[in-house]
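Close look at the chain arrangement
Next come the chains, spelled out residue by residue.
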Amino acid sequence: MEQVGHAPYLMPINNCPWERRLSMRKLTLITAIALPLALAACGEKPAGENETAAETGPVAPAPVEELGMVLSDAVVRLPAVPGRPGAAYFTLQSKRDTPIRIASASVMGAGEAELHESIVEDGVAMMASAGSILMEPMETVAFAPGGFHVMLFDLDATLVAGGTTDLTVTLDNGDKISATALVIGPADDLPGQDDVGAMSMDHGEMAH
Ligand SMILES: [Cu+2]
């Protein structure tokens, strides 16, 4: 039986410069998103949330539902320094009535991809391999800055900001769910991120 859970290595988050920067940017990002939502909630634009969000940043590709799973908000963020790793984020919703595990993820144009989790140990932000990630029936798991993310290595030149690529999530039973991922630059905001960060952290404790 394959061991799951955290791999025995940790790296300082400053090996992951976009993560460190993103944690500082999160407040700015939340403010930028909360404001238009608050305005929309005032009744100014009854059904215009998506349009409002689109005006402030890139538009997330449509969700894909396959095999009882809904994959949405797939984004690939390019590194600030070419040659360094990039990161991928997405939201996966299970509509299954049995638990499943996310075993791996891959991105077209990235030579390698690892499931990582940002954590804080002794007050220091670190990241570690996330192993395989349990999804309970009907659970939604967000891969977002500050929590789970996919680290992408060996990015090729086909990945350019403003373009798209394919992101595939593989479950532990071999099922694969693919969606179009938006490629954004290192300084671009993630589209559609009004529920990121802290809320994804409760999936972090894997009792193994
Ligand atoms: Cu990482």
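None of these values were measured; they are calculated from a predicted model. (Residues numbered from 1 in each chain as written. Predicted model: local features only at pLDDT ≥ 70, side-chain atom pairs only at ≥ 80, totals over all residues.)

1. Topic: the overall build of the protein chain
- Secondary structure assignment for the protein chain yields two helices and twelve strands.
- Starting at the N terminus, the α and β elements of the protein chain follow one another as β-α-α-β-β-β-β-β-β-β-β-β-β-β.
- Expressed as a percentage of the 208 residues in the protein chain, the buried residues total 32%.
- For the protein chain, restricting intrachain contacts to residue pairs at least 6 apart in sequence, the fraction spanning at least 24 positions comes to 71%. (Helix = DSSP H or I, 4+ residues; strand = E, 2+ residues; numbered from the N terminus. Buried ≥ 20, exposed ≤ 12 C-beta atoms within 10 Å, placed from the backbone. Contact = placed C-beta atoms within 7 Å.)

2. Things to note about the nonpolar core
- Membership of the largest hydrophobic core comes to 41 residues, with the highest contact counts inside it found for V75, A88, V150, L152 and A181.
- Here this core takes six residues from strand β12 (residues 176-184), the largest share from any one element. (Core = buried A, V, L, I, M, F, W, Y, C linked by C-beta atoms within 7 Å.)

3. Some details on the environment of E136
- Structurally, E136 can be placed in the loop between β8 (133-135) and β9 (140-143).
- Judged by the 13 C-beta atoms lying within 10 Å of it, E136 is partly exposed.
- Along the backbone, E136 and T98 are 38 residues apart, and their C-alpha atoms lie at a distance of 6.9 Å.

4. Quick look at the pairing of β12
- Note that strand β3 (residues 69-77) and β12 share three bridges and pair parallel. In the sheet register, V75 faces β12, and the bridge partner there is L182.
- Linking two consecutive strands that pair antiparallel, namely strand β11 (residues 164-171) and β12, is a turn of four residues; a positive phi of about 95° is found at G174 within it. (Pairing = 2+ DSSP bridges.)

5. As for the pairing of strand β5 (residues 100-107)
- Across three bridges, the pairing between β5 and β8 is antiparallel. If you follow R101 over to β8, its bridge partner there is L134.
- One ladder, built from five bridges, connects β5 with β11; its direction is antiparallel. Bridged to V107 within β11 is L167.

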